[in-house]
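# Structure assessment
What follows is each chain in one-letter form.
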Amino acid sequence: MARKFFVGGNWKCNGTAEEVKKIVNTLNEAQVPSQDVVEVVVSPPYVFLPLVKSTLRSDFHVAAQNCWVKKGGAFTGEVSAEMLVNLDIPWVILGHSERRALLNESNEFVGDKVAYALAQGLKVIACVGETLEQREAGSTMDVVAAQTKAIADRVSNWSNVVIAYEPVWAIGTGKVASPAQAQEVHDELRKWLAKNVSGDVAATTRIIYGGSVNGGNCKELGGQADVDGFLVGGASLKPEFIDIIKAAEVKKSA
């Protein structure tokens, strides 16, 4: 079975209520491929989740940008997986490189988060990716494999997991992994899953690319055999996000 193209929009720490309403309005009016061609998920900041959930078109879904590693309680400032389930938020992004770098989230901590969120019934966009120093040292696959292993060690059912490969050096920098660079890592990651998890998981798990994706490069990136979609940052706040969603058509015509 073909892997359905997946486009996620990570709004990060951006937006006012008025700006969010405008973005949602743009999305609601957009002509995009049908749900059988592309799955679209947008991830606003926590405070705007109810607003977006209640006003966004029904064929698009909503994700939180993070959640706590276990049940709620005396964890000031955190939001638990149970709270997201209570708000009927189906998806969560975990292990984003900004959190790994700025908040020192370790591979093991991210693995624990992914396992807990899945156990509560959430679907997870799990992020992996190397820094520029790691790439230049030739250790890209060692880094990405270690990040993925920390998840694989804790997860048995991969049906609700999307892996987002985001080379840290390409996030928000305007530098983009070339289609060949992206395909190479996605292919190696799929081979790792086949060897260390199962052939079925490798064949069915969607591996999406993130890192300065825009309307100009999305079709060529999306045309790569093992690139199953995108996790889009800055461009997801702009009308060109619609063009990126439409890049799903490259798989349909392939």
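First, a word on scope: everything that follows refers to the structure included in this document. (Residues numbered from 1 in each chain as written. Predicted model: local features only at pLDDT ≥ 70, side-chain atom pairs only at ≥ 80, totals over all residues. Heavy atoms only, no water.)

## Focus: the packing of helix α5 (residues 107-119) against helix α7 (residues 140-152)
A pair of packed helices can be characterised by two numbers: the angle between their axes and the separation between those axes. Contact geometry for α5 and α7: axes closest at 8 Å, N-to-C directions at 40°. Regarding the angle of α5 to α7, the classification is oblique. Considering how the two elements wind past one another, α5 and α7 form a crossing that is right-handed. Contacts between α5 and α7 involve N107, E108, G111 and V114 on the former and, on the latter, A146, Q147, A150 and I151. Among the residues forming the contact of α5 with α7, the class breakdown is four nonpolar, three polar and one charged. (Axes fitted to C-alpha atoms, helices over the stretch in contact; angles between N-to-C directions. Helix = DSSP H or I, 4+ residues; strand = E, 2+ residues; numbered from the N terminus. Parallel < 35°, antiparallel > 145°, perpendicular 65-115°, else oblique. Left-handed = near helix turned anticlockwise from the far one by under 90°. Contact = heavy atoms within 4.5 Å. Nonpolar A, V, L, I, M, F, W, Y, C, P; charged D, E, K, R; others polar.)

## Re the side chain of R206
Checked against the element boundaries, R206 lands in the loop between α9 (199-204) and β7 (207-209). Residue classification places R206 among the buried positions, given a relative accessible area of 14%. Engagement of the side chain of R206 in a polar contact is seen with the backbone oxygen of K4, the distance being 3.2 Å. Look past the residues within four positions of R206 in its chain and what remains in contact with it is R3, K4, F5, F6, E39, W91, V162, I163 and D228. (Buried < 20%, exposed > 50% of the residue type's maximum accessible area, 1.4 Å probe, protein only. Polar contact = N/O pair within 3.5 Å; in protein donor to acceptor, adjacent residues only side chain to side chain.)

## Here we look at empty space enclosed by the protein
The full count for this structure, using the stated rule, is two cavities of 30 Å³ or more. Empty space within the largest cavity amounts to approximately 40 Å³. Looking at the largest cavity, the residues that line it are G95, S97, R100, C127, V128, G129, Q147, E166 and V168. Breaking the lining of the largest cavity down by element, the ones donating at least two residues are α4 (97-102) and β5 (123-128). Residue composition of the lining of the largest cavity, by class: three nonpolar, four polar and two charged. (1 Å grid on protein atoms, 1.4 Å probe; cavity = no way out; pocket = protein on both sides within 12 Å on 5 of 7 lines; lining within 4 Å. Points joined across faces, edges and corners; volume = space filled by probe spheres on them.)

## Details of the packing of α7 against helix α8 (residues 179-196)
Between α7 and α8, whose axes approach to 11 Å, the crossing angle comes to 40°. When the axes of α7 and α8 are compared, the pair comes out oblique. Seen along the crossing, α7 lies across α8 with a hand that is right-handed. On α8, the residues touching T140, M141, V144, A145, T148, K149 and A152 of α7 are V185, E188, L189, W192 and L193. Residues of the contact of α7 with α8, tallied by class, amount to eight nonpolar, two polar and two charged.

## Observations concerning α8
With 18 residues, α8 should reach 26 Å at 1.5 Å per residue; the first-to-last C-alpha distance of 25 Å fits that figure. Residues of α8 that are buried include every one of P179, A182, Q183, V185, H186, L189, R190, W192 and L193, and no others. (Expected span 1.5 Å × (residues − 1).)

## Description of the pairing of strand β2 (residues 38-43)
Most of β2 is tucked away: six of the six residues are buried. The alternating pattern of β2 places V38, V40 and V42 on one face and E39, V41 and S43 on the opposite face, and all of these are buried. As paired elements, strand β1 (residues 5-10) and β2 share six bridges and run parallel to each other. Bridge pairing in β2 links N10 to S43. Viewed along the sheet, the connection from β1 through helix α1 (residues 17-29) into β2 turns out right-handed. One ladder, built from three bridges, connects β2 with strand β3 (residues 60-64); its direction is parallel. Opposite V40, over in β3, you have F60 as the bridge partner. In the classification by handedness, the crossover that spans β2, the intervening helix α2 (residues 49-55) and the parallel β3 is right-handed. (Pairing = 2+ DSSP bridges. Right-handed = clockwise from strand over helix to strand, strands pointing away.)

## Quick word on α1
Relative to the 18 Å expected for 13 residues at 1.5 Å per residue, α1 spans 18 Å between its end C-alpha atoms, a close match to the ideal helical length. Buried within α1 are the following residues: V20, I23, V24 and L27. Looking straight down α1, one finds its buried side chains confined to an arc of 95°; they lie on one side. Exposed residues on α1 whose side chains face more than 90 degrees from its buried face are K22 and E29. Looking at the buried residues of α1, the elements they touch are β2, α2, β3 and α11 (240-246). (Arc of directions from axis to C-beta.)

## Examining the environment of Q147
Locating Q147 in the fold gives a position in helix α7. C-alpha of Q147 to C-alpha of L237: the two residues are 90 residues apart in sequence and 28 Å apart in space. Not counting residues within four places of it along the chain, the set of residues in contact with Q147 comprises R100, N107, V128 and G129.

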